[in-house]
Amino acid sequence: MPALVWSDALSLSMPVMDHTHEAFVELLALVEQADDASLLRHWQALIEHTVDHFGQEDAWMRATGFAPGNCHSTQHAVVLEVMRDSARRGTQGELDWVRRIAAELADWFPNHAQTMDAGLALHLKSVGYDPVTGLLTAPSALPTQAISGCGSNSCHDKAAANDTQAPQRTEAANEPLPVGESLV
Ligand SMILES: [Fe+2]
Ligand SMILES: [Fe+2]
């Protein structure tokens, strides 16, 4: 059984987001269960899906009042870079490293979904933003100042501090994936 499986506990009651998250969980399970011959193919498929997944959420944030460098988008960028770096190492034969980062992702994702993504879902609903059509029905509810946090209840001073810590971690090639405890 994979380390992470989809369940209602991961649902954020926003179908378009849930659909993407369920696909992420399924692709990650394929990575975890892949043999060495197919590992990098599955890892690349997960990366490509994650580019769309994170890009979609980043676009929703831009459309509803978040600053470009908000902590949620910053975490996306850090995680994606770790995944890409892992793919490079995988092509050099470090398959165990790819498997290690995949395991880290399985630990990281529930926390990210239940804090940053949950906060984003609530925010989108509060401003009447339809993520499928891009229509905004309550523009008066948009923030008057750009949001630099992640919008979740867990976003506080620690998150702001991590805005500066996160990029530094990507430079440490042997560091594990930054998991929830370090970025949320
Ligand atoms: Fe997400
Ligand atoms: Fe996210």
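Scroll up a little and you will see the structure.
To start, this report covers the structure provided alongside it. Keep in mind that this is a model prediction, so the values were computed, not measured.

## Things to note about the overall build of the protein
Consideration 1: Across its full length, the protein carries six helices and zero strands.
Consideration 2: Per-residue burial over the protein gives 33% buried out of 184 residues.
Consideration 3: Considering only contacts in the protein between residues 6 or more positions apart, those separated by 24 or more positions represent 72%.

## Comments concerning helix 2 (residues 36-63)
Consideration 1: Across its 28 residues, helix 2 extends 41 Å between first and last C-alpha, which sits within 8% of the 40 Å expected from 1.5 Å per residue.
Consideration 2: Those residues of helix 2 that sit buried are His42, Trp43, Leu46, Thr50, His53, Glu57 and Met61.
Consideration 3: Check the buried side of helix 2 and you find it contacts helix 1 (15-33), helix 3 (71-91) and helix 4 (95-126).
Consideration 4: Just beyond helix 2, the residue with positive phi is glycine 65, at close to 105 degrees.

## Some remarks on the environment of threonine 74
Consideration 1: Looking at the secondary structure, you find threonine 74 in helix 3.
Consideration 2: Separated by 76 residues in sequence, threonine 74 and cysteine 150 place their C-alpha atoms 9.5 Å apart.

## Comments concerning the environment of serine 7
Consideration 1: As for its position among the elements, serine 7 is in the segment before helix 1.
Consideration 2: Remark: the alpha-carbon pair of serine 7 and glutamate 22, spanning 15 residues in sequence, is separated by 8.5 Å.

## Considering unusual backbone geometry
Consideration 1: Phi is positive for serine 13, close to 55 degrees, though the residue is something other than glycine.
Consideration 2: Mapped onto the elements, serine 13 comes out in the segment before helix 1.

## A closer look at the packing of helix 1 against helix 2
Consideration 1: The interhelical angle for the contact between helix 1 and helix 2, taken along N-to-C directions, is 160 degrees, at an axis separation of 9 Å. By the criterion of interaxial angle, the relationship of helix 1 to helix 2 is roughly antiparallel. Where helix 1 crosses over helix 2, the handedness of that crossing is left-handed. Together, Thr20, Ala23, Phe24, Leu27, Leu28, Leu30 and Val31 of helix 1 and Leu39, His42, Trp43, Ala45, Leu46, His49, Thr50, His53 and Gln56 of helix 2 make up the contact between the two elements.
Consideration 2: For the contact of helix 1 with helix 2, a count of residues per class yields ten nonpolar, six polar and no charged.

## A word on the packing of helix 2 against helix 4
Consideration 1: Between helix 2 and helix 4, the shortest axis-to-axis distance is 12 Å and the interhelical angle comes to 20 degrees. Judged by the inter-axis angle, helix 2 sits roughly parallel to helix 4. Considering the relative orientation of helix 2 and helix 4, their crossing is left-handed. On the side of helix 2, the interface is formed by Asp36, Leu39, Trp43, Glu57, Trp60 and Met61, while helix 4 contributes Leu95, Val98, Asp117, Leu120 and Leu124.
Consideration 2: Looking at the contact of helix 2 with helix 4, its residues break down into eight nonpolar, no polar and three charged.

## What to know about the nonpolar core
The nonpolar side chains of a soluble globular protein tend to be buried, and buried together.
Consideration 1: Residues Leu28, Ile101, Ala102, Leu105 and Phe109 are the most contacted members of the largest nonpolar core, which totals 30 residues.
Consideration 2: For this core, the elements supplying multiple residues, two or more each, are helix 1, helix 2, helix 3 and helix 4.
Consideration 3: Among the elements that make up this core, the one with the highest residue count is helix 4 (twelve residues).
Consideration 4: Apart from residues no more than four positions distant in its own chain, alanine 102 is found in contact with Leu28, Val31 and Glu32.

## Description of the environment of glycine 149
Consideration 1: Note on placement: glycine 149 falls in the loop between helix 4 and helix 5 (157-170).
Consideration 2: Along the primary structure glycine 149 and threonine 74 are separated by 75 residues, whereas in three dimensions their C-alpha atoms are 10.0 Å apart.

## Observations concerning helix 1
Consideration 1: A rise of 1.5 Å per residue sets the reference length of helix 1, with its 19 residues, at 27 Å; its end C-alpha atoms lie 27 Å apart and thus fit the reference within 8%.
Consideration 2: For helix 1, the set of buried residues is Met17, Thr20, His21, Phe24, Val25, Leu28, Ala29 and Val31.
Consideration 3: Contacts from the buried residues of helix 1 go to helix 2 and helix 4.

Cut-offs used in this document
- Residues numbered from 1 in each chain as written.
- Chains lettered and ligands numbered in written order.
- Predicted model: local features only at pLDDT ≥ 70, side-chain atom pairs only at ≥ 80, totals over all residues.
- Helix = DSSP H or I, 4+ residues; strand = E, 2+ residues; numbered from the N terminus.
- Buried ≥ 20, exposed ≤ 12 C-beta atoms within 10 Å, placed from the backbone.
- Contact = placed C-beta atoms within 7 Å.
- Expected span 1.5 Å × (residues − 1).
- Axes fitted to C-alpha atoms, helices over the stretch in contact; angles between N-to-C directions.
- Parallel < 35°, antiparallel > 145°, perpendicular 65-115°, else oblique.
- Left-handed = near helix turned anticlockwise from the far one by under 90°.
- Nonpolar A, V, L, I, M, F, W, Y, C, P; charged D, E, K, R; others polar.
- Core = buried A, V, L, I, M, F, W, Y, C linked by C-beta atoms within 7 Å.

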